[in-house]
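Observations on the model geometry
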Amino acid sequence: MPKRAKELGPLEVKRLIKPGVHAVGGVAGLSLQVTETGARSWLFRYRHNGRRREAGLGPFPDVPLAKARDYAREARDLLRQGRDPIAERQAARRKLLTFCQAVEAYDAEKTAEFNSALHRKQWRASLEKHAVPVLGNMMVAEITLQDVLAMLRPIWLEKTETASKVRQRVERVLDYATVAGHRSGENPARWRGNLDMVLPAPTKLTGGRNYPALKLDDAASWFAALLARTGNSARALEFQALTAARTGAVRFATWDEFDLERGIWTIQPGRQYSKIPPSGRPHRVPLSTCAMKLLADLPRAKGNALVFWAPRGGAFSDASIAAVMRKIHEGRLRDGGHGYLDARSDKPAVPHGLRSTFRTWVAERTQFDGDMAEIALAHKVGSKVQQAYDRSDQLEKRRDMMVAWSAFLSGKPGQGGERRG
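Computed from a predicted model, the values in this text were never measured in an experiment. (Residues numbered from 1 in each chain as written. Predicted model: local features only at pLDDT ≥ 70, side-chain atom pairs only at ≥ 80, totals over all residues. Heavy atoms only, no water.)

Moving on, we come to the overall build of the protein. Looking only at helices and strands, one finds 18 helices and seven strands in the protein. For the protein, buried positions account for 43% of its 421 residues. Carbon and sulfur atoms provide 51% of the accessible area of the protein, an area that totals close to 23600 Å². (Helix = DSSP H or I, 4+ residues; strand = E, 2+ residues; numbered from the N terminus. Buried < 20%, exposed > 50% of the residue type's maximum accessible area, 1.4 Å probe, protein only. Areas by Shrake-Rupley, 256 points an atom, 1.4 Å probe, with all protein chains shown as cover.)

The three strands are arranged β5-β6-β7 in an open sheet whose pairing can be described as antiparallel. Each of the sheet's edge strands pairs with one partner strand only, and the pair in question is β5 (258-259) and β7 (283-286). Two elements, β5 and strand β6 (residues 264-267), share two bridges in a ladder whose sense is antiparallel. The partner of Asp259 across the bridge, within β6, is Ile264. Contacts from helix α18 (residues 395-409) reach β6 and β7 within the one sheet, and its direction differs from that of β7 by about 45°. (Pairing = 2+ DSSP bridges. Contact = heavy atoms within 4.5 Å. Axes fitted to C-alpha atoms, helices over the stretch in contact; angles between N-to-C directions.)

A few words now on the confidence of the model for the protein. When pLDDT is averaged across the protein, the result is 85; 88% of the residues are at 70 or more. Considering only residues more than four positions removed or in separate chains, one finds that residues 383-391, a stretch of pLDDT under 50, has six contacts. In the predicted structure, residues 416-421 sits below a pLDDT of 50 and forms 18 contacts with residues beyond four places in sequence or in another chain. (pLDDT = per-residue confidence, 0-100.)

The subject of this paragraph is the packing of aromatic side chains. We describe a pair of aromatic rings using the distance from one ring centre to the other and the angle between the two ring planes. This model, assessed by the stated rule, comprises 17 aromatic pairs. Within the aromatic cluster, the residues linked to one another by ring pairs are Phe239, Trp255, Phe258, Trp265 and Phe308. A cation over a ring is seen here: Arg300 above Trp255, with NZ or CZ 3.6 Å from the ring centre. The lysine or arginine in question, Arg332, covers the ring of Tyr340, its NZ or CZ lying 4.2 Å from the ring centre. (Phe/Tyr/Trp six-rings, centres within 6.5 Å; stacked < 30°, edge-to-face > 60°. Lys NZ or Arg CZ within 6 Å of the ring centre and 35° of its normal.)

This part covers the sheet that holds strand β1 (residues 20-23). With antiparallel pairing, four strands are arranged side by side in an open sheet as β1-β2-β3-β4. Of all the strands in the sheet, the pair left with one neighbour each is β1 and β4 (51-59). Each neighbouring strand pair of the sheet contributes to a mean axis angle of 30°, computed without reference to strand direction. Its contacts with the sheet place helix α2 (residues 65-80) against β2 (30-34), β3 (40-48) and β4, and it is angled at close to 15° to β3.

Structure (structure tokens):
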């Protein structure tokens, strides 16, 4: 049986200054290590599964004798349970991850999957602005429902869309932390069966993301006012109106997406701001004569693949295109009119609302099939089974519809297949 070390007191330990490893007793394996430079620190020596190991317990006198013995006793308790103290400490250290660190780790490993650097930047910026000030220094293992609510409530009613996105992003970061072993249990940022019990649904607050749309009777006068405006941003809005496309799809459109001989614009799955997932099919947009003429008249920038480019050469922002629509609205107000307002909300129409105007026109003023309009809007039609078997996108039929739509916008009702009177 090995000789048991004499149990030293605090004063005796303080006098240990000779370089080497000195057993201090009280707990088997506890020693004070003194280096040639005079630095002193605690060591706990033990065997686990036949392997000799050493665990550092901190510097002396920062860690006093009594505390070192407490650490050593805890380690002995783990050994009696068949657990390795060093492995346990490393596992505990891995779990001590703050929310800020979790955002960094997620950003480094997962945001490379995003479709664009801009999306990645916006994702990070939203968390840094709204989530990090509240959750940043908290350990992910300790974040609770109340902490998430403290972060969301100040913005939930006033900035509902932003708050909803932040909630989803916090949920993803915490899911990541759970899988990485830094937390366990339910995700406090989960919506269904959790936050939905205490926060009003975003769709109830925002009206289901119904963007203010042009009234059908205002469409021709609005389009005429748009044609009178100059600049690439106005042409981008005109092209968006003629194609009923999403703003992002137009802003980031590139010349290689267009077959100008056949009059087809093809948006590939996963393309920046196309809203078509990478697993989906390309979305083909048949171009009317008006849309083709618009493209033919556009100035091209050397070395720039963008169809609609801003003065500095990059893509237009959403705000730039929205500003064109706002100025048209304000111009009508100055002329004594009521502006261009949504029929339900009485709010000024916005670019994305043009898609709703197009859908209403198909339903109320034409004999075109509703499913065909949904395909034109890049919406899914029918059940998953129907989608799997129906591979036709009715391109040429939709071309007739887009020709009629451009005629309607141009103030020529009844042309191109539109129902008369």
